[in-house]
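Structure at a glance
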Amino acid sequence: MPYEVHSCRADATAVDFEDNARRWARIGWSQKLSKLYCSVGRKYDTTNKLVFFTVEDLKTFPKSQTVAEVVGVDWFVRVVFCVSDSRVNAIEFHLKNKSDQRPLIKQLTLQYTADGVSAGKETVLQEPFIAPTKAYSVPQAAEIGPKITDFLPYDAEIPAPALVENKSTGSCPIELRQQDAQPFVEQNWSSSEGLQNIFVEFMAKNNSNTVATITEFKSEYLKGDVWVSCNYTSWGYKDSRFYYSVQNRCDDMYELGAGAVSKLALRAQIKLGAGPSLDHRARRLYSTLPRPLKVRFTWTDADKRTSSIEVLCNSAPPQLRDREYFEKNKGLPALFIASCDDTVAEERIHLVGFHNREKQCIEVENKLKSTTMHLYNESIRKYAYLAAKEGKTEVELEDITYDQAPFGAKVFVLVDVAEKHGYAVKTVLKTSTSESTNYFLLPVL
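Below: a short report on this structure. (Residues numbered from 1 in each chain as written. Predicted model: local features only at pLDDT ≥ 70, side-chain atom pairs only at ≥ 80, totals over all residues. Heavy atoms only, no water.)

1. Structural notes on the pairing of strand β22 (residues 261-273)
Keep this limit in mind: Strands are labelled as partners when DSSP assigns at least two bridges between them. Counting from the N terminus, the helices are the DSSP runs of H or I reaching at least four residues and the strands are the DSSP runs of E reaching at least two.
Of the strand pairs in this sheet, strand β16 (residues 194-206) and β22 are connected by 12 bridges, and their pairing is antiparallel. The residue of β22 that forms the bridge with F199 is R267. The pairing of strand β19 (residues 232-240) with β22 spans 5 bridges and is classified as antiparallel. From the neighbouring strand, T233 faces β22, where its bridge partner is A268.

So this is what it looks like as structure tokens:
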């Protein structure tokens, strides 16, 4: 039986922070030539040296020595055969970049059997950096502005209030009876203005023996002792708990046959002016509106007869995310959770860092930007090395920065310039009412 190499393949790569070159070394078995190959390169797709060895060469190698290398100014890549008992029992990769404190040394052992040789255990004998042994500390967190104190867990079930009998009064033959115990409210925000929508479902009944036609709907809300006209009123139908098929404008007349009964949804819209702008819609009343908010709908038929109905709208305490929510949703332990409250928008914004031990990284999530950034040892070292070159004690992770007034979120890596070492994360959050700065030590990844 021929003596063969079985599944013998390994490599090592390292990126130079100075010129961003990826230097590498690898070995493998060529089935075509029936030889072990060793190759090294200074760029990802450039091979500078390629050598081949037979199995007999491995069994009769004279001494430990470098068999393939490429060398530059302040950097090198080498493949070294480690010999004992006159045969190669291990292969080492030595990679040294300009930005490294010392070479990366990775070893692959070889296992010899009666019919061949195969790859054994891979071990990193030496990392290219020397981790500082001193203990680091971080400044105290700083918070400015009020916090939300009355809130519910994000996934808490909010019980609906009991429906109280409420029907319209007036001379119009179409009578409305409220069906929603709690009117549905939501906020829509653009860059220039905010809109508060109030949706209510009614049961409409024509109490006359002829077709009745409503030609106009209008809505108002009570501010102090004064009824203020809403931006506009429209009608449609309720599809589900959180969705109403309602026109943008109430341009069409509403008809109901003699003695007929039908469900009807009305929307009142209130302009809020410029304000917070988040990606989602908050299912609650805006904080500057009266609590509870009393809304009056009035309608007029073709014979100029009018009726009206008043409804009360309120909001439960805001539902805010906490550590338990984030860890359950992500399936990873949270290394840090930074937050900042907006007591006007009744929102809490977050920056969350998860420790992914399997991938050996920190996953930083910015919920405002719906962005996740992975911090590996190599990326933290790169940030620290480049910052230290310029004498900077911190470097901003711009890929995760969010800055859209009034909300802002930034993450920085704190740097020990003397050691060229990133040791902590700094988070900065701001809203229209508050600011927070927090510091978190980085673990060993």
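2. A look at a nonpolar patch on the surface
Basically, it comes down to this: A patch consists of residues whose relative accessible area exceeds 30% and which take part in no salt bridge; residues with like charges are grouped when within 9 Å of each other, and nonpolar side chains (Val, Leu, Ile, Met, Phe, Trp, Tyr) when within 5 Å. Here the Shrake-Rupley method, with its probe set to 1.4 Å, supplies the accessible areas, and only the displayed protein chains count as covering residues. One side-chain nitrogen of Lys or Arg within 4 Å of one carboxyl oxygen of Asp or Glu is enough to make a salt bridge. The rule is simple: take the accessible area with a 1.4 Å probe, protein chains only, and divide by the maximum for that residue type; under 20% is buried, over 50% is exposed, in between is partly exposed.
A cluster of nonpolar side chains, namely L33, L50 and F52, defines an oily patch on the protein surface of about 260 Å² accessible area. You can call L50 partly exposed: its relative accessible area is 45%.

3. Examining the sheet that holds strand β28 (residues 361-366)
Spelled out, the test is: Note on method: axes are straight lines fitted to C-alpha atoms, helices fitted across the in-contact stretch only, with angles between N-to-C directions ranging 0 to 180 degrees. Here, two residues are considered to be in contact whenever any of their heavy atoms come within 4.5 Å of each other.
The 4 strands are arranged β26-β27-β28-β29 in an open sheet whose pairing can be described as antiparallel. Strand pairing shows two members of the sheet lacking a second neighbour, β26 (334-342) and β29 (371-376), which therefore form its edges. Strand-to-strand twist across the sheet, computed as the mean angle between neighbouring axes with direction ignored, equals 15°. In this structure, β26 lies alongside strand β27 (residues 347-356), joined through 8 bridges in antiparallel fashion. When the bridges of β27 are listed, F336 appears paired with G353. Sitting on the sheet, helix α2 (residues 323-330) is in contact with β26, β27 and β28, with an inclination near 50° to β27.

4. Let's talk about the side chain of D341
What counts here: Contacts described as polar in this section are N or O atom pairs within 3.5 Å, which, within protein, must combine one atom able to donate a hydrogen with one able to accept it, while residues neighboring in sequence count only if both atoms come from side chains.
By secondary structure assignment, the location of D341 is in strand β26. Here I148 takes part through its backbone nitrogen, which lies 2.7 Å from a polar atom of the side chain of D341. With near-sequence residues (within four places) excluded, D341 lies in contact with P146, K147, I148, E347, R348, T431, T433 and S434.

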